[in-house]
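# Secondary and tertiary structure notes
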Amino acid sequence: MTGTAAISTAIPSPPRGTTYNNYLIIDEKVALVDTVDRSFFSQMKCNIAHALGDRKIDYFVINHLEPDHAGCLAEAVEKYQPEKIYTSPMGEKAMKAHFHYEDWPVEVVPTGSEISLGEKTLHFVETRMLHWPDSMLTYCPEAKLAFTNDAFGQNIASSERFVDEYDRHEVLKAMKEYYANIVLPYSPVVLKTLKALGEMNLDIDMLCPDHGLIFRDEDCAWVLEKYKEFAEQKPQNKAVLVYDTMWASTEKLILAVATGLNEEGISVKVMNMKHNHHSTVMSEVFEAAAVVVGSPTHNNGILPMMADMLTYMKGLRPQNKLGAAVGSFGWSGECVKILNKWLEDIGCEVVEPNVKVKHIPTHETLKECVELGRTLGKAIKEKTA
Ligand code: FEO
């Protein structure tokens, strides 16, 4: 008997939870594609015993060495004693660096390699930097199915297994959040990989990521198209205003900029760092044409939560953004200069004149902020026309 069984291991922590998926392929040989986070090893063993009965696992396929997928690999090798462990060339290097093994039966499978399980074959495609240099995709042509590891993941834990069984709006939202916070810096690689996969002309009925729900039938084309859109980072008619404030002066400046943007018909999202996690902010920034940042001067710098946010944003390398900065100060007044430098480092095109105010904004200062919002709004409309 041959078949394919999916195993999902759920945790509840992000808003919709998440899963660490791994997969068993049951043929003449049995292959386990990926493992799970170490803390879920017991649950994985139970799921495997339930799906496999007395049969042994012959092969491991390790698509990615990050510990959420390979954290229990040493324990799994000890438990299942696989004949072979297949991984990419960079995967072998990462495996050695993580586990310092001496006698594991590792076999490197670069792009173009294939193995037989009996009726089914597995073909390997390196997908470097999606998410790490070692990442690869495993394709089974007989089942028209690809195991994509991090690619196409979403942080959703549910009793449903397939995207078509779940609320599509929520799936898309989760896909965007995942992309904005994990895949975004590798967008050029996503475009190259999608092109390469297209040229391979793989016949695919199912895309099985290692986080969240599985895409099947027409949803495969849907997620591929969405990833192309995400990677192209075309800006939308939207601005995100992200700030922290000490005594509400910077908040007043931000709200006045929001008024100006609104008057130009721009969709506005105002996000106080005291009430928003940086990943939530990044999910909004991802699609926006502009980001407005605000902080008072604090000890000759900016407030720490804004420094944290900007450090995170810079690492994710968002493209095609306009930027503007506002801030209040008591005496030294470096905030706007520092915020502008951050915007430039992130790669934003800075729209002037930025606004800063000593202590409490006057009516005139707030009018300057409204005007900055209008100027930025016009620039957004030109950019998104
Ligand atoms: Fe889900 Fe790169 O690990």
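Note that the structure is a prediction, hence the values are computed from the model and not measured. (Residues numbered from 1 in each chain as written. Predicted model: local features only at pLDDT ≥ 70, side-chain atom pairs only at ≥ 80, totals over all residues.)

## A short note on the overall build of the protein
Within the protein, the secondary structure is distributed over 12 helices and 20 strands. Dimensions of the protein along its principal axes, counting C-alpha atoms only, are 80 × 40 × 35 Å. Looking at the protein as a whole, 47% of its 385 residues qualify as buried. Taking all contacts inside the protein whose residues are at least 6 apart in sequence as the whole, residues at least 24 apart take part in 71%. (Helix = DSSP H or I, 4+ residues; strand = E, 2+ residues; numbered from the N terminus. Buried ≥ 20, exposed ≤ 12 C-beta atoms within 10 Å, placed from the backbone. Contact = placed C-beta atoms within 7 Å.)

## Some thoughts on the domain arrangement of the protein
Domain parsing of the protein yields domain 1 (3–231) and domain 2 (238–379). Centre-to-centre, using C-alpha coordinates, domain 1 lies 39 Å away from domain 2. Facing the 6 residues of domain 1 at the interface are 8 residues of domain 2. Here the side of domain 1 that touches domain 2 is composed, by residue class, of 3 nonpolar, 1 polar and 2 charged. (Domains from an automatic or database assignment. Nonpolar A, V, L, I, M, F, W, Y, C, P; charged D, E, K, R; others polar.)

## Thoughts on helix α6 (residues 187–200)
Counted at 1.5 Å a residue, the expected span for α6 with its 14 residues is 20 Å, and the 20 Å between its end C-alpha atoms agrees. Looking one or two residues beyond α6, the residue adopting positive phi is N201, at roughly 55°. (Expected span 1.5 Å × (residues − 1).)

## Some points on helix α8 (residues 249–263)
Compared with the 21 Å implied by 1.5 Å per residue over 15 residues, the 22 Å span of α8 between its first and last C-alpha is a close match. The buried count for α8 comes to 11 of 15 residues, which makes it a mostly enclosed element. Turning to α8, the residues buried within the fold contact β13 (236–243), β14 (267–272), β15 (288–294), β18 (322–329), β20 (355–358) and α12 (363–384). Positive phi appears at G265, one or two residues downstream of α8, with a value of about 80°.

## Describing the environment of Y80
Residue position: Y80 is located in helix α3 (residues 73–80). Here the alpha-carbon distance between Y80 and D203, two residues 123 residues apart in the chain, equals 32 Å. Other than its neighbours up to four places away in sequence, Y80 contacts K56 and I57.

## A look at the sheet that holds strand β7 (residues 114–116)
If you trace the 6 strands from one edge of the open sheet to the other, you get β7-β8-β9-β10-β11-β12, paired in mixed fashion. Single-partner strands in this sheet number two, and they are β7 and β12 (215–216). As paired strands, strand β11 (residues 206–209) and β12 are joined by 2 bridges and run antiparallel to one another. Counterpart to L207 in the pairing with β12 is F215. (Pairing = 2+ DSSP bridges.)

## As for the packing of α8 against α12
As a packed pair, α8 and α12 sit with axes 7 Å apart at the nearest point and diverge in direction by 45°. By the angle between their axes, α8 is oblique relative to α12. Judged by the sense of rotation from one axis to the other, the crossing of α8 with α12 is right-handed. Packed against α8, whose contacting residues are K252, L253, A256, V257, A258, T259, G260, L261 and E263, the element α12 presents L366, C369, V370, E371, L372, G373, R374, L376 and G377 at the interface. Its residues assigned to classes, the contact of α8 with α12 comprises 10 nonpolar, 4 polar and 4 charged. (Axes fitted to C-alpha atoms, helices over the stretch in contact; angles between N-to-C directions. Parallel < 35°, antiparallel > 145°, perpendicular 65-115°, else oblique. Left-handed = near helix turned anticlockwise from the far one by under 90°.)

## Notes on the confidence of the model for the protein
Taken over all residues, the pLDDT of the protein has a mean of 95, while the share at 70 or more is 97%. Every residue in residues 1–5 is under pLDDT 50, and counting partners more than four places away or in other chains gives 12 contacts. (pLDDT = per-residue confidence, 0-100.)

## What to know about the nonpolar core
Residues A239, L241, V242, V257 and V293 are the most contacted members of the largest nonpolar core, which totals 116 residues. Each of domain 1 (3–231) and domain 2 (238–379) accounts for three or more of the residues forming this core. (Core = buried A, V, L, I, M, F, W, Y, C linked by C-beta atoms within 7 Å.)

## Points about unusual backbone geometry
A cis geometry characterises the amide bond from E352 onward to P353, with omega recorded as -5°. Locating P353 in the fold gives a position in the loop between β19 (349–350) and β20. We note that D34 has phi near 70°; this positive angle belongs to a residue other than glycine. Along the chain, D34 falls in the loop between β3 (30–33) and α1 (41–52). C-beta crowding within 10 Å serves as the criterion here: with 25 such atoms nearby, D34 is assigned to the buried category. The phi dihedral of N320 is positive, around 60°, even though this residue is not glycine. With respect to the helices, strands and loops of the structure, N320 is situated in the loop between α10 (304–316) and β18. The class of N320 is partly exposed, set by 16 C-beta atoms lying within 10 Å.

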